[in-house]
Structures are given as structure tokens and as C-alpha cells.
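Below, each chain spelled out in residue letters.
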2 protein chains.
Amino acid sequence: MTAHFVNDPAALVPEALDGLIGGAGPGRLARLDGYPDIKVVLRADWDRADQGRDRVAVVSGGGAGHEPAHAGFVGPGLLTAAVSGEVFASPSVDAVLAALLAVTGEAGCLLVVKNYTGDRLNFGLAAERARAAGLRMEMVVVGDDIAIPDTPAPRGLAGTLLVHKVAGALAQSGAPLDHVAGAARRVAAGVRSLGISTSGADIPGRRSEQRFVDGSAELGLGIHGEPGVETFALGRDAEIVDRMAAALTDALPDGGDSGAAGGDVVLLLNTLGGLAPLEALVVVCDLLATPLGQRARLLIGPAALMTSMSMRGFSVSALAVDDELARALLANCAAWTAWPGARELGSHDRLRVLPVPTLREAGKVLASEDTAVRAVLTAVTGALIDAEQALNALDAKVGDGDTGSTFAAAARRVLSELDALPLADRSALFARLSELLGSAMGGSSGVLLSILFAAAGSVGSAGSVGSAGDDAPLADALAAGADAVQRHGGAGEGDRTMLDALLPAVRALRDGGAAAAAAAARSGADATGSMEQARAGRAAYVGGQHLRGVVDPGAEAVAIAFAAAATHR
Amino acid sequence: MTAHFVNDPAALVPEALDGLIGGAGPGRLARLDGYPDIKVVLRADWDRADQGRDRVAVVSGGGAGHEPAHAGFVGPGLLTAAVSGEVFASPSVDAVLAALLAVTGEAGCLLVVKNYTGDRLNFGLAAERARAAGLRMEMVVVGDDIAIPDTPAPRGLAGTLLVHKVAGALAQSGAPLDHVAGAARRVAAGVRSLGISTSGADIPGRRSEQRFVDGSAELGLGIHGEPGVETFALGRDAEIVDRMAAALTDALPDGGDSGAAGGDVVLLLNTLGGLAPLEALVVVCDLLATPLGQRARLLIGPAALMTSMSMRGFSVSALAVDDELARALLANCAAWTAWPGARELGSHDRLRVLPVPTLREAGKVLASEDTAVRAVLTAVTGALIDAEQALNALDAKVGDGDTGSTFAAAARRVLSELDALPLADRSALFARLSELLGSAMGGSSGVLLSILFAAAGSVGSAGSVGSAGDDAPLADALAAGADAVQRHGGAGEGDRTMLDALLPAVRALRDGGAAAAAAAARSGADATGSMEQARAGRAAYVGGQHLRGVVDPGAEAVAIAFAAAATHR
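Residues numbered from 1 in each chain as written. Chains lettered and ligands numbered in written order. Predicted model: local features only at pLDDT ≥ 70, side-chain atom pairs only at ≥ 80, totals over all residues. Heavy atoms only, no water.

## As for the overall build of chain A
Logical step 1: Within chain A one finds 19 helices and 14 strands.
Logical step 2: A compact globule built from 569 residues should have a C-alpha radius of gyration of about 25 Å, whereas chain A, at 32 Å, is more than 25% larger.
Logical step 3: Taken along the three principal axes of its C-alpha coordinates, chain A extends 100 × 50 × 45 Å.
Logical step 4: Taken across its 569 residues, chain A has 64% of its residues classed as buried.
Logical step 5: Restricting to contacts in chain A with at least 6 residues of sequence separation, those with at least 24 account for 72%.
Logical step 6: As displayed, chain A has an accessible area near 18,800 Å², and 53% of this comes from carbon and sulfur atoms.
Logical step 7: Across chain A, the 46 positively charged side chains and the 64 negatively charged ones have centroids separated by 3 Å. (Helix = DSSP H or I, 4+ residues; strand = E, 2+ residues; numbered from the N terminus. Rg over C-alpha atoms; globule rule 2.2 N^0.38 Å. Buried < 20%, exposed > 50% of the residue type's maximum accessible area, 1.4 Å probe, protein only. Contact = heavy atoms within 4.5 Å. Areas by Shrake-Rupley, 256 points an atom, 1.4 Å probe, with all protein chains shown as cover. Lys, Arg positive; Asp, Glu negative; His and termini not counted. Charge placed at Lys NZ, Arg CZ, Asp CG, Glu CD.)

## Remarks on helix H9 (residues 323-330) of chain B
All names here are of chain B.
Logical step 1: Among all positions in H9, only Leu325, Ala326, Ala328 and Leu329 are buried. Buried residues in H9, looked at end-on, bunch into an arc of 165 degrees, giving them a common side.
Logical step 2: Check the buried side of H9 and you find it contacts helix H4 (160-172), helix H5 (177-190), strand S10 (265-271), strand S11 (296-304), strand S12 (313-320) and strand S13 (342-344).
Logical step 3: A distance of 3.2 Å separates the backbone nitrogen of glutamate 324 from a side-chain oxygen at the start of H9, and that oxygen is part of aspartate 322. (Arc of directions from axis to C-beta. Polar contact = N/O pair within 3.5 Å; in protein donor to acceptor, adjacent residues only side chain to side chain.)

## Considering the side chain of threonine 406 of chain B
Residue and element names in this part refer to chain B.
Logical step 1: Summarising the element assignment, threonine 406 is placed in helix H13 (residues 403-416).
Logical step 2: With a relative accessible area of 10%, threonine 406 lands in the buried category.
Logical step 3: A polar side-chain atom of threonine 406 sits 2.8 Å from the main-chain carbonyl oxygen of aspartate 402.

## Describing the relation of the copies chain A and chain B
Logical step 1: You can overlay chain A on chain B at an RMSD of 0.1 Å; the transform is a turn of 180 degrees with a shift of 0.0 Å along its axis. What we have between these two chains is a two-fold relation. For chain A, the minimum C-alpha distance to the rotation axis belongs to glycine 274 of chain A and amounts to 2.0 Å.
Logical step 2: Most of the interface of chain A is mirrored in chain B, where 97% of its interface residues are also at the interface. (Least-squares fit on C-alpha atoms with pLDDT ≥ 70 in both.)

## Observations concerning the interface of chain A and chain B
Logical step 1: Contact with chain A, which involves 140 residues of that partner, is made by 138 residues of chain B.
Logical step 2: When chain A packs against chain B, close to 11,500 Å² is buried across both sides, 61% of that on carbon and sulfur atoms.
Logical step 3: Seen at the junction of chain A and chain B, the total is four salt bridges.
Logical step 4: Close ionic contact of aspartate 202 of chain A with arginine 312 of chain B constitutes a salt bridge, the shortest N to O distance being 3.5 Å.
Logical step 5: Here chain A and chain B share 28 residue pairs in polar contact (both at pLDDT 80 or more) between them.
Logical step 6: In terms of residue class, the side of chain A that touches chain B is built from 63 nonpolar, 44 polar and 33 charged. (Buried area = accessible area lost by both parts, 1.4 Å probe. Salt bridge = Lys/Arg side-chain N within 4 Å of Asp/Glu carboxyl O. Nonpolar A, V, L, I, M, F, W, Y, C, P; charged D, E, K, R; others polar.)

## What to know about the pattern of salt bridges
When the charged atoms of two side chains with opposite charge come close together, those side chains can pair.
Logical step 1: In the structure shown here, the tally under the stated rule is 42 salt bridges over all chains.
Logical step 2: A salt bridge links aspartate 264 of chain B to arginine 297 of chain B; its shortest N-O distance comes to 3.8 Å. Here aspartate 264 of chain B is found in the loop between helix H6 (237-251) and S10, whereas its partner arginine 297 of chain B is found in strand S11, with 33 residues between them in sequence.
Logical step 3: On the basis of relative accessible area, aspartate 264 of chain B is assigned to the partly exposed category, the value being 24%.
Logical step 4: Through salt bridges with shared partners, one network takes in Arg186, Asp322 and Glu324 of chain A.

## Re the nonpolar core
Logical step 1: Core analysis: the largest hydrophobic core is formed by 96 residues, its most contacted members being Phe430 of chain A together with Val59, Leu100 and Leu111 of chain B.
Logical step 2: In terms of residues, this core owes the most to one element, helix H17 (residues 499-528) of chain A, which gives eleven residues.
Logical step 3: Setting aside its immediate chain neighbours within four residues, leucine 111 of chain B contacts Val59, Val96, Leu100, Phe123, Ala127, Met137, Glu138, Met139 and Val140 of chain B. (Core = buried A, V, L, I, M, F, W, Y, C linked by side-chain atoms within 4.5 Å.)

## Topic: the sheet that holds strand S6 (residues 137-142) of chain A
Logical step 1: The seven strands are arranged S6(A)-S5(A)-S3(A)-S4(A)-S2(A)-S1(A)-S14(B) in an open sheet whose pairing can be described as mixed. With partners counted over all chains shown, the strands left at the sheet margins are S6 of chain A together with strand S14 (351-352) of chain B, one partner each.
Logical step 2: Taken together, the two bridges between strand S1 (residues 29-32) of chain A and S14 of chain B define a ladder with parallel strand orientation. Paired with arginine 31 of chain A across the two strands is leucine 351 of chain B, which belongs to S14 of chain B.
Logical step 3: Across the sheet, helix H5 (residues 177-190) of chain A touches strand S5 (109-114) and S6 of chain A, and the angle it forms with S6 of chain A is around 10 degrees. (Pairing = 2+ DSSP bridges. Axes fitted to C-alpha atoms, helices over the stretch in contact; angles between N-to-C directions.)

## With respect to the packing of aromatic side chains
Logical step 1: Throughout the structure, instances matching the rule amount to six aromatic pairs over all chains.
Logical step 2: With 5.0 Å between their ring centres and 75 degrees between their planes, phenylalanine 314 of chain A and phenylalanine 5 of chain B make a pair best called edge-to-face. One end of the pair, phenylalanine 314 of chain A, is in strand S12 (residues 313-320); the other, phenylalanine 5 of chain B, is in the segment before helix H1 (12-24), on a second chain. For the pair shown, phenylalanine 314 of chain A and phenylalanine 5 of chain B are each scored as buried.
Logical step 3: The interplanar angle of 65 degrees and the centroid separation of 5.3 Å between the aromatic rings of phenylalanine 430 of chain A and phenylalanine 453 of chain A together place this pair among those described as edge-to-face. Pair noted here: phenylalanine 430 of chain A is in helix H14 (residues 426-440) and phenylalanine 453 of chain A is in helix H15 (residues 443-457), with a separation of 23 residues, a long-range link. (Phe/Tyr/Trp six-rings, centres within 6.5 Å; stacked < 30°, edge-to-face > 60°.)

## With respect to the packing of H6 of chain B against helix H7 (residues 277-288) of chain B
All names here are of chain B.
Logical step 1: Running from amino to carboxyl end, H6 crosses H7 at an angle of 55 degrees, the nearest separation of the two axes being 9 Å. Considered as vectors, H6 and H7 are oriented oblique to each other. Of the two elements, H6 crosses H7, and the hand of that crossing is right-handed. The residues of H7 that touch H6, namely those facing Asp237, Ala238 and Val241, are Val282, Val283, Asp286 and Leu287. (Parallel < 35°, antiparallel > 145°, perpendicular 65-115°, else oblique. Left-handed = near helix turned anticlockwise from the far one by under 90°.)

Okay, here's the thing in C-alpha cells:
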């Protein structure tokens, strides 16, 4: 069973709400004294004469597991109170009724409900009872999901939050109940949403069904882990987002193109709790490029708003907006809520000129030919490209698994520029390699190699790299480079870095030539496997038990490079 | 391989940054024209005379995969520019240098760097080159991680964000470079962080090492997936958080107890990208209860700030604060950045009196005994408790997997109140059961059963439930209840709900008694397995291919209940 950060699963929701209330700071949130059955969070300032009671209360809620919805949106300009059930279970009628009685004053109350049978029943009965008790009540049911064609009861998804925001802003501004309810109904009638995920929802204390296979996604799944209407192997994000945007556009009333809005829409990008923020930004990029995205006047998110525990997915909501709705969506609300704000979009100049030409452009040098050097470079880069996956796998044991990709990327760049390199001039070649690696490789290996070749290139004669028979000038140059790496990188021999292969190889090269250098690099690399304490590089953060028997990936790459060079001279 | 929402992995970071810039809206963010090698996001307003250049620039960055860090924090009051590398790889020297040249004016620039070899090298070399080009540069290296004892090079974690915020606020206020850098160094020297996770970091296009076994957590792991210093089976969250808070307290300089601050600290709770927001709130609850939490003057988060793709974990950062730091941390910054704001904590009255007594308290009735009824209730509740896991498993195939737990919870509540029930008075008993189920059970089943018993209790005589021989009055009562369920729930027979077992059972009960009712319930439940379209309940959102052959869990529960009742009369 997946591990969760919880205590007693039975106390999960009350503890989470206590965390929310305590973390909000004094004077902001309170709760009704009804745990565990009644879990109602409300504005702590609602009884102040200048803040509440004479205004319309806006109440919402539903099952837990969707945080920050709904309690995270309680605050001035948003919800007055939120009622929470247990995870993915509607709150009881009593709980909803308690919330309504606690916050409804003369101005009345708008109850916003997501269209699930349980919520509709519990909130509906509570609203009837509150009305019977003499309160002015309006109720809006939101069913914004478009996943299931022709369903009589579309689900409520993250589009509900647009209803909250519009109603909350109007209520805060002092609008009367019929106005607040009317605007809320207009949003509920117009908003459409569609979700997608590559995982289900893991609930603490419950065994989840593992129906997702690696690489697959479900389109149109629900926020409680209900299976999607379509399962497929996930392709390019842009294709998926295009499909979703097109489906939303088709589903908008009149294509969202009616009225004075001229086709303007607000888009809300909701992440489902476990989507990497990096991926969410790619979705934004692709979404804004769609025809629907081009019509976006406002964007809300990406943000985790209506989550499904830690589901790795997102939903997109779309709504045609006019000026009144845009004002309400842009209106200030309590900054300490989870509301991410809406941003007005529009064309703008996004590019700034690079302040300096890149080194690649500045460092133009004359190409020259040396077939031996070409052979060495071809062999070394080829060997590093071949070793990409093996080096990644090695690095995954002690680091972030990218050593192979980093070296291979550098090798590919060098290969791609081979015909433009000054192969016959060692100093110029090394300087150019320094520039190439410094600008293209990235990572610590990149700059260390850039330093290596920069320092090596500034040493000695302009002799050929590959001149067989006298390796001393090359050894001198590489020794100067290795020395610079030690100075800037802070590591030395025995610290479990690529220096453990490089330094012995350079020493061996001077007297024994390429074959001796390769042998020394190999034995130096192998020796790192028994060094249980790394003192530099990312492996320095890894415990000795993980390092035992694992050769340092950087040293291994150096050994591979020297072996390839020796074979092809 | 895990599915990710990306296009070409090689274009991942530029696309994400374009999403950030485009989604921020006009006039806010821009980038240097250097893709793909140079990925620098900067304030679009920085060249306006009233906004930039005459102020200190604050620049930071590092590998991607940690979004919103760092580009998400570019804006007035925070960062002037952010430099991004590829995922988990430091940006190149050229990229950093380009950023420095692009934003540094007469007032100079503070460069904030996380303490990783690659970042230190690349940012350090770039700072040296910028200085050589005549710019006023200061650099602060942040190493806030306390996971690895006695390491010479602690890693930079989310504590870095406190450096950004303090430096950004001071720079925005017009403070000179030495003041900004001094405050940044003070924060860097004082902040301590510790992370924990139950998963590694999945990188698009790369095979991740699956070293986490179900239920295990790693304490002290890095934000690039570096293994933690300790692996263990995850226990209660409060114990873990206690340990982390104690370790942070020990690691704070002078226990954070020095100076005029009187022991006040700021706590930053950073989620790593894939932690369910519900769980994050439990962590807040537990964190505020620790001795360190009791000293918290400010809280930032929980929020995804320095993530590790979609890692399911969090880090806690702690820093002793005085008034100057608190002011800088509370200062306004651009609302459209990812900065969640800091909240001042303090004791406050968090409870509000329930506006009405709960029904449980209001509905006190006199207990009475009827051994036959007791036997039936004991048998039915026992059978539902026994069936909890089986019903959950059934529900997991078509819904959210909680039917068994919902019914079992209700059964346990009824059992626990058995001695207080009016067993000899059917109407009173049904009314009481309605109250109990309505307040304790939750979910749609809860309110439907509450409606069922409320309506059943308002019908006919006060006869015994268990009076053998004449089942007509009981059948009449249950029929009235089932009718109310149909009316309020909107479902009928054949809609694949518990009514498909309940309605035939009630009809059979009148003439055939309990055994016939049990048989009818069973065959009614079984028949739901061949209904491929649910028209009510959560299964209505599920495609027919998922429903085929799966009995409706609610109908199954009804069949189990009637079977148990028949056996024990």
C-alpha cells in the first residue's frame, strides 16, 4: 500500500482542517465545534458587524481529498463557510445544516453544490431544512464535466471554483441574494471542464485499484478515481491538449461565442494534486497555442485547486466571460486563501536581446584537418554516445541518473561540429572544445570539462593532438587542465570523482602513451568502486551503503574515453 | 516508463518557460533570446526607469525540475531574473553570464546559488566574468540541508527561497547592494532544511530507479532523487514531523534562540510536487504542535515551491527571525508569482459553537429491549462489517472503493449504540436509525438510508420489527422508505443501484417472509451485474465496459443485509 503522511486515517480530515485553520493565523478561519461528524470551516471574522451577516453568505463543500477545495477557499471575497465530508464522501445533512445556520444572516445564503448524487441529496435536504427554519436560501448545482456524452447528470469538477469566485466577489461587494445567485447560475450554466490523468487517486488506509499501466492516460476521468471514458498511450502533450480544447469549445454554449463578450473566455487550469509543476507549465504553453487558448482573456492557474489526492493529471475549465464576470474573477480576495488569482492575457513582447553574442558565435575559428585527431574524436564521442544508457544506469544508483545523457549530449555536439573544428591546431581545438562544452553540455561535468580544455588549450605548443610518438606536450596540456579542475571544483584524487581516472591517465600518458593512459584510467575508475565516501560531486550527499561497489560514473566516462582514444590512434 | 505531459523531452524546459511567460500576461515576464542553450526569464518591466536598473538585481537559478523555482519567483519584490538549466542539470556559464549582463545596472547584482558543485562552478565562473566586465557582483551560496552530518558541503534546498524573498524585498525597497547581500548572507547562514519523501523523482524520457518499496519513506533525500540518509517504513506523521522538527531545532545556530528574536522562527513547508494537499495539511497540523512549531512566528506554505518533479514528499525549513527579517518576509511581492505569502501565527479562538444541538443529542429516546430485533441488528451489522473489504474491492472496480467502509462505519455506529436503542418500538427505532445514519454515515448511501428509515419510521403501527409471522406492517414501512429513496435520489428499478435489491426484497417480504426477501434481494443484486448502463449513483459516470459482470456494490450490501436478517430471525 502506498505510504501516506497521516496519523489515524479516521482522524485524517479533522487534522487536515486543523492544519489549515492553525496555519492561516489568528482572525482568519474558525470551525464549528462538531468534530468528528461535523467538519465546517468558516470565516473567523464573519460575526464582525463590518464583515458579515449583513452580506450574502456563500457556502460550499463536499467530500475531502480535493484540497484546497473547499475549506482552502474560505475567506473574504470567496466562501463564507465550507463543509467537508470524509475522503471522497459527501458530508452529512447535519453538517451542511450546521454550516447554513452558522453563517446565514438577513441577506441570505447561496449554497454551491457539485453535481454528485450524494452532495445533491445532503446539501439539498439541508437547504430545505434551513429554508423551513426561516432562512433565505438559494442553491446552485454545478455539472461542468463534458466527459460523458448525453449524460443526464454531468459531474461537478473544477469549474465549480469559478462559481465560488464570482459569487464570493459579488457577495463581498454587498450584492443582494438574487443577484449573487443569478450570476452563480450564469457561470454554472456556461462553464465546461474536462480532466485527464496518468494515475488514479491513492487514498490513505485503502488499497487502490492499479488499473493504470505505465505510459497510459485516461481522458475524462472523475475526481474520485472513477475510470475515464477513454484510455490510451499518452502521446505528445500538444495533441492531447488540442483535443481537450476542441472538445471544450464544442461543448461551450454557442461555442462560447455569444453575447457582448465577443468570444472571450476564461481558462482555469487545475492540477489534480500530483502533476509535476514543470509539466503543468508545458500544458499552459500548449493550451495557449490552441484556438481556444487564443481566445483566453483570463487565465487562472496552473494550480492545485480541486485535487484528487495526488493524482498525476489536470483539468481544463472554460467559460465565456463578459466584463462583469471578468471583474468578479479579477476582484481581490483574501490573499491567504489558495486562490491563485486570475491574470489578464494579451499579446506582448516576450523576447529580450541577448546582451552578448554567444561564445559559439564569437569564437569562430578556421577549420583544419588532421585525420588522426578526427579518428580520436570520432572514437571518443562514439564510445560516449554508446555508453549513454549504461552511464545513466550507473549514475541512477548514486545520483540523478544523467551522467550518460550529459556526456552523450556533449559528444553529439562535438560530432556535429567536427568539420568546423581546427583539428590541426591543438590549442585552438582545446579552446573551441572548452567553448562548445561550456555552452552546450550543462551540469557540473560540462563546466569542469570546459575548465579542463580551457586550461589545457592555454598551454604549450600548437602541435597536433594525435602526433604519435611524443605524448609529453599533450600530457602537459592535459595536466594543466586537470589541475584547473582540481582548483575550481575543490576535489582531489581519492574523492571519488572523474579525477580518479583522469589524474592517473594523464601521468601514465607522458611516459607510456595512450595505451598506458587507458589502462591507468580504467584501474583508477575501478578503484572508485571501493571508495565509500565521496567528498565532491553529487555522490557526496549519498550514504556509503549506496556507494559500495558502484564505480563513479564520471570516472567511468573518463575511462571509456581514454580506452576509445587508445584504440583509434 | 511513467507517462508525462510533455512533447519532445529536449524542448521540455523551453516550452515550460514559454508557458510561464505566456500565462503571466503582458508586461510581467520576458526571456532572453537564447533558446535552447540560454534559458533566462526576467522581469519584463526591469528596463522601466521607475522599476529597475537603479535597484539591486537579484538573480538565481539552477537545474529545471524544481518549478516554480526559480522562474516562477521572478517579479517585483522577488527575483529580477532566473536562469534555468535542463532538468536537474545546472545552467551553463554562458546562460548565467547572459542573465547577469541583462539585468545588472549601477546598483549591482546579488547572485543566489544553491550549494551544488555544478551550480557553484557555473554561477561562480559567470560571476567572476561579470565582475571582470565591470559589474558590481555579490554571490551567496545557500547550503541549508541538515540531512548529512558533518558534510563539508550541505546541499541547497527550499531554504534558498527565504534568501530570495528577503533579498528581493530589500532590493525592491531600494536598499544598496551591501545591505541586500548582508541580509541574504544572514538568512543563508541561519536557515536549516530537511526533506522526506515516499517516492523518487520521475524525469520525462528517463527510466527512473524504482528503489522505493510500498509503504517506505526516505528521510534526508535530495531534490534530485539522491537517496536519503535513512529508509524506514512510514509510521504516524506526527512522529516523523516531531523527529524532523527536533533535528531542525538542534541544527539551528544556537538553537535559533539567539538575539532579539526571543526564539521566534519562520517555518517554510515546501511540498515536493506530488504530495496530496490533504496530507500537506496534516503535516501542518503536526508541525505546529511540535516545540519548534510553537515557536513559529511566521508560516510559509504548505506550497509547492522547490519541487522535485512530482515527488511525494515535503521539506521543512526553519530560520530564526527578528523584526527586519519578518518585515521582509511579509512584504508584498508580485501577486502573480508562485510566492504563497507568509502568515503571522498566534493563538486564537478557533472554535465556534454549533448553532443547533446535533440530532444525536436532541433525539434522545428511551431504550427498550426486544431480543429478536437485537439478534437481527447484530446479524445485519456483523455481516456488513465482515463484508467491508469485499464491498470496497467491488466498488473499486466501478467507483471510489468506499462502499464497504461506508456501510461498515454505519454498522459499527449502530452496534455501538445498540443498548440505547428503542428496540421494542419500530417507529422510534427507525427514526433513531435515520438520525444515526444521517449524522454518522456520510456519502450518498448514508443519506439515502437516512431517508429510507425516516420515511419507514413515519408509517403504520408501533409493532416489533422482528415479530415473526406477520411481515406486512414491516413490508409497508420499508416500502414507504424505498419509495422516498426513489423520489429524492432520482433512481428507479433497473438503474443499477441498491434499489434493484431493495425493491424486490420488500415486495417479497410482504407475502413470503424474510427468506423470500433475502432470495429476492440476492437475485436482484446479481441482476445488476448485467446492467451495462448505470443511470444513478457514481457508477453512472463509468463506461459500460467497466461495469460488465460487476454487481452494484450498494445492491450487494442490501443483499448481504437481507441474507443476514433472514438467517437470524
